[in-house]
Protein chains: 2
Amino acid sequence: MAGLAPYAGNAHVVGLTGSPGVGKSTSTAALVSALREQGKRVGVLAVDPSSPFSGGALLGDRVRMQDHALDRSVYIRSMASRGHLGGLSWATPQALRVLDAAGCDVILVETVGVGQSEVEIAAMADTTIVLLAPGMGDGIQAAKAGILEIGDLFVINKSDRDGADQVRRELRGMIGLTDRAEGAWRPEIVKTVASKGEGIDEVVAAIDRHREHLVASGELDTRRLRRARDEIEAIAVTALREQWRGVHENAALDQFAAEVVAGDSDPYAAADLLLESLDALPD
Amino acid sequence: MAGLAPYAGNAHVVGLTGSPGVGKSTSTAALVSALREQGKRVGVLAVDPSSPFSGGALLGDRVRMQDHALDRSVYIRSMASRGHLGGLSWATPQALRVLDAAGCDVILVETVGVGQSEVEIAAMADTTIVLLAPGMGDGIQAAKAGILEIGDLFVINKSDRDGADQVRRELRGMIGLTDRAEGAWRPEIVKTVASKGEGIDEVVAAIDRHREHLVASGELDTRRLRRARDEIEAIAVTALREQWRGVHENAALDQFAAEVVAGDSDPYAAADLLLESLDALPD
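Given the structure is predicted, the values throughout are model-derived calculations rather than measurements.

Structurally, A:Glu233 is set in helix 7 (residues 219-245). Once residues within four sequence positions are removed from consideration, A:Glu233 is found in contact with B:Arg241, B:Trp244, B:Arg245 and B:Leu253.

Laid out in structure tokens, this is it:
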């Protein structure tokens, strides 16, 4: 990681999220094609947050990426987020840093929009794309899952189907109702038919406009600083956990836990004692 | 929390999880009735992990609990888990401790089985019930989401519908395939029709058998120790985060983040420096 540091910081990270069936993999493959036509080097991370116990990678429709399998300027990797400690937020930043330092111009991070994963992805991305499709009740789902607040760009895929304009109207209405600071980015809506490549160039153009806005407004720096802070914190916290749980350390945490279970202490008092024990941190 | 400590530790915590539509609220209400008939005091926490941005409580079908609304020995509370920092794992243990100390014999924690929430609930519960229903493709979903590994008890609700025996056969097969240590609990399967109260007494009996197993095997103590450790850690980590991000503290974390963004440092080196700065912890 230390060796990569000087080479990282150039890639634009694009998060793609949406419910199952909206066409995430097809859209990702179409975006890769469009970006490659512009001569860009592209990284793709497909993150599956639904499999807490499996260590394996689970990109079922990786086959759709076959067009790009032999292209040396495209790197594709699927990851499962193991366990609930950290989840997505633990392994993904490291993978992003490697792809960034390796010279990717754009990194697409694709994840299923379930639970909190899309919020985590949004925290890591420069541009977050929320994919919707007509006839899936996505308008209501959008409001419910809070994805309205994370989307920089809403893509209505399968827009040759009935109901695409209805979804767009609902989205427009909801975006219009959202409070937004003066000069803040107003989320764009693009209609696509990813399987035919329709609208994909507009998506790429909207990503470019969003990036220009981020640079001009200084928000790109703000987001990257926040992301670095989060990552440093996560690493520090993990190191502390390992120390607290380490077999060669004293069994302070076990002892505190026993006192809490016995009713002789409460978790807050125990946490204070645990933090005091940090004075004994080895250098 | 310090005042509650001596009174906590008696309640049996039962986690209930399952996909939308399997009948979680109806099952919870039926379990409350059965437990009340045994004279037990019951707490119910309905946790909604799907709403990261809303601070409100979202138990849509709270109306199903109306039978118990005037029963002073039943306490019902719905909670949204806010944001992704901590999620379920932050507020729920505190609510459990309050209900425990208040004299609840059993606390039912109901949550939708999406993403990682059911894993977090299982970590907090003494007994975890996974609810399934015929005709929802749950057999396959069970394997995919890893819920097989968290369920102490599988309840097939709506078992008057076609396919209940099919679900049971699939579950039996999968449970049979799971590696299990000598003397470990073998998950039980119970069929219910919660809306008619059918099979609910068997669920209560299975919970009792599981509790007896936990006590006899010493696993109840093991689980509670682990839970106390997790809770102490979470509180300590949150206190550290507040300190790292606190406005009155030095801006060390911001400076480290800026160095990482500039490519002058990497997150691992920065995390080491952040941990070293802990020597300056105020008492």
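The next point concerns the pattern of salt bridges. All names here are of chain A. Under the criterion given, the structure shown has 22 salt bridges over all chains. Between arginine 223 and aspartate 152 there is a salt bridge, with the nearest N and O atoms lying 3.5 Å from each other. Of this pair, arginine 223 sits in helix 7 while aspartate 152 sits in the loop between helix 4 (138-145) and strand 6 (153-156), and the two are 71 residues apart along the sequence. Arginine 223 gets classed as buried once you look at its relative accessible area, which sits at 12%. The class of aspartate 152 is buried, set by a relative accessible area of 7%. Across the pair aspartate 160 and lysine 196 runs a salt bridge, and its minimum N-O distance is 3.6 Å. In this pair, aspartate 160 is assigned in the loop between strand 6 and helix 5 (164-177) and lysine 196 in the loop between strand 7 (188-191) and helix 6 (200-217), connecting sequence segments 36 residues apart. Taking relative accessible area as the criterion, lysine 196 reaches 57% and is therefore assigned exposed.

Quick look at the environment of A:Arg172 now. Residue and element names in this part refer to chain A. Structurally, arginine 172 can be placed in helix 5. Classification of arginine 172 by relative accessible area gives exposed; the value is 52%. Sequence separation between arginine 172 and isoleucine 189 is 17 residues; the distance between their C-alpha atoms is 8.0 Å.

Here we come to the environment of B:Asp126. Residues and elements named next belong to chain B. If you trace the backbone, aspartate 126 turns up in the loop between helix 3 (117-124) and strand 5 (127-132). Residue aspartate 126 is classed as buried on the basis of its relative accessible area, which comes to 0%. Measuring from C-alpha to C-alpha, the distance between aspartate 126 and glycine 15 comes to 7.7 Å, with 111 residues separating the pair along the chain. Each residue touching aspartate 126, except ones within four places of it in the same chain, is listed here: Ala11, His12, Val13, Asp152, His210, Leu214, Leu220, Arg223, Arg224 and Arg227.

All names here are of chain A. In the contact formed by helix 8 (residues 252-261) and helix 9 (residues 267-276), the axes pass within 10 Å of each other and the chain directions differ by 165°. On the basis of their axis angle, the class for helix 8 and helix 9 is roughly antiparallel. Considering only the axes of helix 8 and helix 9, their crossing is right-handed. For the pair helix 8 and helix 9, the contacting residues are Leu253, Phe256 and Val260 in the first and Pro267, Ala270, Leu273 and Leu274 in the second.

Our focus in this paragraph is the packing of helix 8 of chain A against helix 7 (residues 219-245) of chain B. Helix 7 of chain B packs onto helix 8 of chain A with a crossing angle of 110° between their chain directions and a minimal axis gap of 8 Å. Comparing their axes, helix 7 of chain B and helix 8 of chain A come out roughly perpendicular. At the point where helix 8 of chain A passes helix 7 of chain B, the crossing takes the right-handed sense. Residues A:Leu253, A:Asp254, A:Phe256, A:Ala257, A:Ala258, A:Val260 and A:Val261 of helix 8 of chain A form the contact with helix 7 of chain B, whose own contacting residues are B:Arg224, B:Leu225, B:Ala228, B:Arg229, B:Ile232 and B:Glu233. Split into classes, the residues belonging to the contact of helix 8 of chain A with helix 7 of chain B amount to nine nonpolar, no polar and four charged.

What counts and how
Residues numbered from 1 in each chain as written. Chains lettered and ligands numbered in written order. Predicted model: local features only at pLDDT ≥ 70, side-chain atom pairs only at ≥ 80, totals over all residues. Heavy atoms only, no water. Helix = DSSP H or I, 4+ residues; strand = E, 2+ residues; numbered from the N terminus. Contact = heavy atoms within 4.5 Å. Salt bridge = Lys/Arg side-chain N within 4 Å of Asp/Glu carboxyl O. Buried < 20%, exposed > 50% of the residue type's maximum accessible area, 1.4 Å probe, protein only. Axes fitted to C-alpha atoms, helices over the stretch in contact; angles between N-to-C directions. Parallel < 35°, antiparallel > 145°, perpendicular 65-115°, else oblique. Left-handed = near helix turned anticlockwise from the far one by under 90°. Nonpolar A, V, L, I, M, F, W, Y, C, P; charged D, E, K, R; others polar.

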